[in-house]
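# Secondary and tertiary structure notes
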Amino acid sequence: MRMMVNGTLAQIESYRRLLYRVEKRTTDWKISQMTSINENDDLRPVIAGQDLHINPQDLVGLRPSYQFLAYVRQAAGGKISANLLGTDRPADVDQLYAEAENWLRQTK
């Protein structure tokens, strides 16, 4: 996605895993749930060599699995939860997978 960051055209890329749950309803399979797990993100100028003028202090406290998504959201005046699923909190991800595995066992 492209956007202006501190007066410079930038591009943000977000990498995430998607965990789907599907269920058979009558004769069709349907997605019943989709959960996103943030892995990491990247923010860079569209034109190489330009400076986005990001103060490193503005990134302090932002989770590494989605720090630039949080940064641009906050810079736009919005908020983003600090409790989203991310690979920087492996216990939360492990719990999600355990719950999904348990769900699979129950639906057999």
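First, a word on what this report is: a plain description of the structure on this page.

## A word on the overall build of the protein
Looking only at helices and strands, the protein features two helices and three strands. Moving toward the C terminus, one meets the helices and strands of the protein in the order β-β-β-α-α. Radius of gyration (C-alpha) of the protein: 18 Å, far over the 13 Å computed for a compact globule of 108 residues. Taken over 108 residues, the protein has a buried fraction of 28%.

## Description of the sheet that holds strand β2 (residues 8-25)
With respect to topology, three strands assemble into an open sheet ordered β1-β2-β3, the strand pairing being antiparallel. The open sheet has two free edges, formed respectively by β1 (2-5) and β3 (28-45), since each of these has just one partner strand. The average undirected angle you get between the axes of adjacent strands in this sheet is 30 degrees. The strands touched by helix α1 (residues 67-75) within the sheet are β1, β2 and β3, with β3 carrying the most contacts at an inclination of about 80 degrees.

## A short note on the side chain of Thr-8
Checked against the element boundaries, Thr-8 lands in strand β2. Judged by relative accessible area, which is 9%, Thr-8 ranks as buried. Excluding its chain neighbours within four sequence positions, the residues that come into contact with Thr-8 are Met-3, Pro-45, Gln-50, Asp-51, Leu-52 and His-53.

## Description of α1
Because the α-helix completes a turn every 3.6 residues, residues three or four places apart line up on one side. If you check which residues of α1 are buried, you get Phe-68, Leu-69, Ala-70, Tyr-71 and Val-72. Looking at the buried residues of α1, the elements they touch are β1, β2 and β3.

## Thoughts on the pattern of salt bridges
Side-chain pairs of opposite charge can arise whenever the charged atoms involved come near each other. According to the stated counting rule, one finds six salt bridges in the structure shown. For Arg-17, the salt bridge goes to Glu-39, with nearest N and O atoms at 2.6 Å. Here Glu-39 lies in strand β3 and Arg-17 lies in strand β2, a separation of 22 residues in the sequence. Residue Glu-39 is classed as partly exposed on the basis of its relative accessible area of 28%.

## Looking at the pairing of β3
Remark: a regular strand shows side chains that alternate across the two faces of the sheet. Direction of pairing for β2 relative to β3: antiparallel, over a ladder of 16 bridges. Among the inter-strand pairings, Val-22 is bridged to a residue of β3, identified as Ile-31.

## Notes on the nonpolar core
Grouped together as the largest cluster of nonpolar side chains are 14 residues, with contacts concentrated most on Val-5, Ile-12, Leu-43, Tyr-71 and Val-72. Breaking this core down by element, the ones donating at least two residues are β1, β2 and α1. Broken down by element, the residue count for this core peaks at five residues, all from α1. Sequence-distant contacts of Tyr-71, defined by excluding residues within four places in its chain, comprise Val-5, Asn-6, Leu-43, Ile-54, Asp-58, Leu-59 and Leu-62.

Calculation criteria
- Residues numbered from 1 in each chain as written.
- Predicted model: local features only at pLDDT ≥ 70, side-chain atom pairs only at ≥ 80, totals over all residues.
- Heavy atoms only, no water.
- Helix = DSSP H or I, 4+ residues; strand = E, 2+ residues; numbered from the N terminus.
- Rg over C-alpha atoms; globule rule 2.2 N^0.38 Å.
- Buried < 20%, exposed > 50% of the residue type's maximum accessible area, 1.4 Å probe, protein only.
- Pairing = 2+ DSSP bridges.
- Axes fitted to C-alpha atoms, helices over the stretch in contact; angles between N-to-C directions.
- Contact = heavy atoms within 4.5 Å.
- Salt bridge = Lys/Arg side-chain N within 4 Å of Asp/Glu carboxyl O.
- Core = buried A, V, L, I, M, F, W, Y, C linked by side-chain atoms within 4.5 Å.

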